[in-house]
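Listed below are the residues making up each chain.
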Amino acid sequence: TLTNVLTTDGFSYIVSGGAMTVTEVTAGGDTGSNDDVTLTTTSGDIIVSGNITALNDTVTLTSAANITDTTSGATDISAADLVINAAAGSVGASGTNNELDTDVDTITASVRDSVYILEENDVTLSSIVTTAGLIDIEAAGTITTTTVTANGGYGVDLNATAGNIIDTAGGLFTATSNSTLKASGIIGTTNNPYDVSVNGNLWVWAGSQVDEVSVIL
């Protein structure tokens, strides 16, 4: 159990041969240069039960199994960038307070099974890929995507509760089952339509308009 791991100015790099429970890990300095947190298990889960902080820097979680969140909705991971690897498991779980809670600028994730993330602000999904699992990400801001891919007969559910859903140039939302896009704002723009490839039904909700347009797919 990592109860209180703190650096004043520098990175934290920790490897566990079994399950790792994280209560508090902070990389100080906030300089955006090598004040990262890297946590790895070679066997067992990473269990997030507190805060992981690397403001202006990167948090990397690599689990031999799952990455779970045992807290009740408070932000757990605060960083500029979040990198997730779970080649044999899932990230978060379905149901209230079971998601991985984040406050980050970008997320990159390679996961075998499903991904459940609850983001506090705007977020860019640089690359979220599952081998055989669904992707369920909610953000209290705008969601910008580049690569979002749910393989193995699973769908993608994105929900921007206080913003838009847009993609970067060349970005693609790919799902192999029924999927949803929901935003309080708009989805796609006339100059940059939101690109999708869905093997199944796609349900779309948008709450705002720009130039009398809510959704461009």
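Scroll up to find the structure this text is about.
Here the residue index of a chain counts from 1 through its sequence in written order. Only residues with pLDDT of 70 or above have their local features reported here, since the model is predicted, and side-chain atom pairs are shown and tallied only from 80 upward, although totals for entire chains, interfaces and linings are computed over all residues. The side-chain quantities take in all heavy atoms of the structure and omit both hydrogens and water.

Undergrad: Hey, could you run me through the pattern of salt bridges in this one?
TA: Opposite charge on two side chains lets them pair, provided their charged atoms get close. Salt bridge criterion: a side-chain nitrogen from Lys or Arg within 4 Å of a carboxyl oxygen from Asp or Glu. On inspection of all chains with the given rule, the structure shows 1 salt bridge. Residue R112 is joined to D113 by a salt bridge in which the shortest nitrogen-to-oxygen separation is 2.9 Å. For R112, a relative accessible area of 35% translates into the label partly exposed. The classification of residues rests on relative accessible area computed with a 1.4 Å probe and restricted to protein chains. Under 20% of the type maximum is buried, over 50% is exposed, and intermediate values are partly exposed.

Undergrad: I keep staring at the packing of aromatic side chains and nothing clicks. Help me out?
TA: For any pair of aromatic rings, the description rests on two quantities: the centre-to-centre distance and the angle between the ring planes. Stacked, edge-to-face and tilted labels apply to pairs of Phe, Tyr and Trp rings (six-membered ring for Trp) whose centres lie within 6.5 Å, assigned for plane angles under 30 degrees, over 60, and everything in between, in that order. Enumeration over the complete set of coordinates arrives at 1 aromatic pair. Centroid distance F173 to Y194: 6.0 Å. Interplanar angle 65 degrees. Geometry classified as edge-to-face. With a gap of 21 residues between them, F173 in strand β14 (residues 165-175) and Y194 in the loop between β15 (179-183) and β16 (196-198) connect regions that are remote in the sequence. Taken individually, F173 and Y194 each receive the classification buried, so the pair is uniform in this respect. Sitting over the face of the ring of W205, K182 holds its NZ or CZ atom 5.9 Å from the ring centroid. What counts as a helix is a DSSP run of H or I of at least four residues, what counts as a strand is a run of E of at least two, and both are numbered from the N terminus. Working rule: Lys NZ or Arg CZ, within 6 Å of ring centre, within 35 degrees of ring normal, means a charge sits over the ring.

Undergrad: It is not clear to me how the nonpolar core should be interpreted in this structure. Could you clarify?
TA: Proteins that are soluble and globular tend to have nonpolar side chains buried together. As used in this record, nonpolar core signifies buried Ala, Val, Leu, Ile, Met, Phe, Trp, Tyr and Cys residues forming a set joined through side-chain atoms within 4.5 Å. In terms of nonpolar packing, the biggest core is built from 47 residues, with L39, I52, V59, I84, L125, L158 and I165 touching the most fellow members. In terms of residue count, the dominant contributor to this core is strand β5 (residues 46-63) (6 residues). Among all residues touching I84, those that are not within four sequence positions of it are L61, I67, V91, L100, T108, A109, S110, V111 and I117. Contacts: residue pairs with any heavy atoms within 4.5 Å of one another.

Undergrad: So what exactly am I meant to see when it comes to the side chain of T26 here?
TA: Relative to the helices and strands, T26 resides in strand β3 (residues 20-27). Beyond its immediate stretch of four places on either side in the chain, T26 contacts V5, L6, T7, S12 and T53.

Undergrad: Where do I start with a nonpolar patch on the surface in this structure?
TA: A residue counts toward a patch only above 30% relative accessible area and without a salt bridge, and it is joined to like-charged neighbours within 9 Å or, for Val, Leu, Ile, Met, Phe, Trp and Tyr, to nonpolar neighbours within 5 Å. Calculation of accessible area relied on Shrake-Rupley with a 1.4 Å probe; when residues are assessed, cover is drawn exclusively from the protein chains displayed. On the surface, F11, Y13 and V15 cluster together into a nonpolar patch covering about 340 Å² of accessible area. Looking at the element boundaries, Y13 is found in strand β2 (residues 12-16). Owing to a relative accessible area of 56%, Y13 belongs among the exposed residues under this scheme.

Undergrad: Whenever I open this one, unusual backbone geometry confuses me. Can you help?
TA: Leave glycine aside and you will find that most residues have negative phi; peptide bonds, for their part, are mostly trans. The phi torsion at N56 lies on the positive side, around 70 degrees, for a residue other than glycine. For N56, the location among the structural elements is in strand β5. Within the chain, N97 stands out as a residue other than glycine whose phi angle is a positive 70 degrees. Topologically, N97 is positioned in the loop between β7 (77-86) and β8 (100-111).

Undergrad: Looking at this structure, I do not really get the pairing of β5. What am I missing?
TA: Two strands qualify as a pair provided DSSP detects at least 2 bridges between them. Direction of pairing for β3 relative to β5: parallel, over a ladder of 6 bridges. Bridge assignment links E24 to a residue of β5, and that residue is N51. The sheet contact formed by strand β4 (residues 37-41) and β5 spans 4 bridges and is parallel. Within β5, the residue paired with V37 across the bridge is V59. Pairing of β5 with strand β6 (residues 67-69), which is carried by 3 bridges, proceeds in the parallel orientation. If you follow V48 over to β6, its bridge partner there is D69. As defined by bridge partners, β5 adjoins β7 across 9 bridges and the pair is classed as parallel. When the sheet's bridge partners are listed, A54 is paired in β7 with A79.

Undergrad: I tried to follow the environment of T144 on my own but got confused; where do I start?
TA: You can see T144 is positioned in strand β12 (residues 143-150). Residues T144 and V111, spaced 33 residues apart in sequence, show a C-alpha to C-alpha distance of 20 Å. In this view, T144 contacts V123, T124, L125, I166 and T168; residues no more than four positions away in its chain are not counted.

Undergrad: Which parts of the structure should I look at to understand the pairing of β4?
TA: Here is the key point about a regular strand: its side chains alternate between the two faces of the sheet. Buried residues dominate β4, accounting for 5 of its 5 residues. Burial along β4 is two-sided: V37, L39 and T41 and T38 and T40, pointing in opposite directions, are all buried. Relative to β4, β2 runs parallel, the two being bridged by 5 bridges. Opposite Y13, over in β4, you have T38 as the bridge partner.

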